Amino acid sequence: MYLKNTVKEEILLGGKTISIESGILARQANGSVLVRCEDTVVLAAATASDKPLEGTDFFPLTVDVEEKMYAAGKIPGGYIKREGRPSEKSILTARLTDRSIRPSFPKGYRNEVQVIASILSVDQVNPPDVLAIIGASAALSISDIPFLGPIGAVRIGRCDNRWVVNPTFQELEQSDIDVTVAGNREGILMVEAGLNEISEEETMQALEEAHKYIVELINFQEKFQTQVGTQKKEPKIITIPGEVEYKVREHATDKLREALKNPDKLEREETLALVEDETVERITTMLEGKERYIVQTLEKIQKEEIRRMILEENKRADGRKTDEIRQISCLIHPLPRPHGSAIFTRGQTQVLSTVTLGTLSDEQRIDSIGTEESKRFIHHYNFPPFSTGDTGVLRGPRRREIGHGALAERALLPLIPDEVEFPYTIRLVAEALESNGSTSMASVCAGSMALMDAGVPIRENVGGIAMGLVVEGDKHAILTDILGMEDALGDMDFKVAGTTKGVTALQMDLKIAGIKKEILKEALEQAKRARLFILEKMNEAIATPREKISEFAPQIYILKVAKDKIGELIGPGGKIIRGIIEETGVSIDIEDDGTVYIASKNVINGARARQIVESIIKEPAVGEKYLGTVTKTTAFGAFVEIFPGKEGLVHISKLSRQRIRAVEDVVKAGDKILVEVIEFDKKTNRTSLALVEDTNKA
């Protein structure tokens, strides 16, 4: 029965086969598909409520990505041994999927829609995130849900100057570009990119390359849809009653127009709230029970007026030109104890970033289905409710905070030195203190300066800017440094971060059905000019890293020992290494290749630990003399510790030129004696010593 209803289609994309299958699994969902690339398999299921969600003025779409540890043949860590809260990667994949499909639903559609992508198998070669986006599109397309797709999604990499479509995990490690793009036939809908200081021209080439394959995937899904697709339900669109809109426009348009010209966010919002309250009170007396529609009409008028001002009057709410950046101020090292700190303020957007340096043992361990097991550069982003003048409950990080933190981390990562050059774990935390447009890009700027303040040897600053777009017919305007209101009421949120050399991160979300490449190219060039201006302001505050790290940060010493010396340094049961740590209070990490990291908050203790380690790994040289300690005596001689962890034997015949009856007649355990190395066997690691005569016991 199942096999009879099964439909499967395949497409060869960039040398890899992607298949979509339907009819076997999750058949009670409105639409479900199994998407596969080699041994990576994702099940995508889409469902929708039968009726619109009452009382809501937004589209209630929910996207979840479920990572199953069994997909990678792993058992979850921890005590419970069961998947708990979503991993950071699954949240980021869910956000990618949401941002890709959201623009392709009818305006005014208010039915609850849920898409769940379950990652069932991962081959540790092919990433599952792009498959989740394709699966969501295909599941929605074959369902009766009024989805205006399908859409396509691909990842583009570049290895050895050649484009790679949907690169493997291994190819991504070699790639200087990691760009995930979703779109429709008309253009691009979503971009998420990490770039290694790539020029705007090359970035544009990557996006154009991606769109070619997006069209292929759309054709592929449409073919699949003709075989298994269900007729779409007629969407019930929530519209504002004509009489309500007429009366609200008549009463409030001029008042809103005047209020929107106030450049101060808080004053503008206060005035708009007064207009709303007064309008609701007045119109409700005439049209009882229509409060919700009154508020929706006021929001509609605000959107129209903001867009009209921009396109017709070339004016923005705060009086700026379309390519003008708000006033910028930078404050370096505002906090005494964090290892580095900076505050970046742009208009009424302000972010405080702090840096904490730790040892390599502090790196983050990652328990997931992916190939990444740990990372030593961590960026966290916090968005407290007071940043927008609101109250709220403080819980763990929300999806938006995780997404913004990951974006800023991606923007700064290409400048972070490797552990050989800078053997520290680096945690960067961004606190959004004020928000009126793009705290994520402000966190890039503040984070870059905080890294320099901490003495992290980054080559140059990284700056970020958020761009907006307003499109009406043939007219369009690209906005530099958008306000929160322009983000909410505009058609695009386009974030670009980078150095003077090139772009390091890119994120784009659209609220319209695609964007022409000419507009995208124009936005990239305008963003470059803005970024270079911001970098100038940042460089005036701090342009090079401090020469020394904070006195409160751990001091790290690096030594290299031969692999065959690692066991000797650790000692039996860890005795030697534990003894050093107990004596000096340092922490010591030993890598498999023989690299030894000694971390200490006390310079004297660190130097002492280093001296002990060096003495242990040091090989005795014939002829060298040491003041050693007798550790034990035997019938045939005395064992003497010449430096920590290194003993040699003074044979009874070498304790004196004269014949002696017993070793104890000359030395006893605990005595300090001067000895000379007469032989050292590297193969057996044995040292033969002789007592230097005519020396006093210490």
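Residues numbered from 1 in each chain as written. Predicted model: local features only at pLDDT ≥ 70, side-chain atom pairs only at ≥ 80, totals over all residues. Heavy atoms only, no water.

(A) Representation of the packing of helix α8 (residues 399-412) against helix α9 (residues 439-453) within the structure. It is at 9 Å that the axes of α8 and α9 come closest, and there the two elements cross at 45°. Relative to α9, α8 is oriented oblique. Of the two possible hands of crossing, α8 and α9 adopt the one that is right-handed. Residues Arg 400, His 404, Leu 407, Ala 408, Ala 411 and Leu 412 of α8 form the contact with α9, whose participating residues are Thr 439, Ser 440, Met 441, Ser 443, Val 444, Gly 447, Ser 448 and Leu 451. In terms of residue class, the contact of α8 with α9 is built from 7 nonpolar, 6 polar and 1 charged. (Axes fitted to C-alpha atoms, helices over the stretch in contact; angles between N-to-C directions. Helix = DSSP H or I, 4+ residues; strand = E, 2+ residues; numbered from the N terminus. Parallel < 35°, antiparallel > 145°, perpendicular 65-115°, else oblique. Left-handed = near helix turned anticlockwise from the far one by under 90°. Contact = heavy atoms within 4.5 Å. Nonpolar A, V, L, I, M, F, W, Y, C, P; charged D, E, K, R; others polar.)

(B) Examining α9 more closely. Taking 1.5 Å per residue, 15 residues should reach 21 Å; α9 reaches 20 Å between its end C-alpha atoms and fits that length. Downstream of α9 by one or two residues, Gly 455 has phi in the positive range, about 85°. (Expected span 1.5 Å × (residues − 1).)

(C) Representation of helix α6 (residues 265-286) within the structure. Spanning 22 residues, α6 covers 32 Å between terminal C-alpha atoms, matching the ideal 32 Å at 1.5 Å per step. All of the buried residues along α6 are Lys 265, Arg 268, Leu 272, Val 275, Thr 279, Val 280, Ile 283 and Thr 284. What you see down the axis of α6 is that its buried residues fit within an arc of 145°, all on one side. Counted as exposed and oriented over 90 degrees from the buried face of α6: Leu 266, Glu 270, Leu 274, Glu 281 and Thr 285. Of the surrounding elements, those touching the buried residues of α6 are α5 (242-259), α7 (291-313) and α10 (484-489). Two to three positions downstream of the cap, the backbone nitrogen of Leu 266 sits 3.1 Å from a side-chain oxygen, assigning the N-cap of α6 to Asp 264. (Buried < 20%, exposed > 50% of the residue type's maximum accessible area, 1.4 Å probe, protein only. Arc of directions from axis to C-beta. Polar contact = N/O pair within 3.5 Å; in protein donor to acceptor, adjacent residues only side chain to side chain.)

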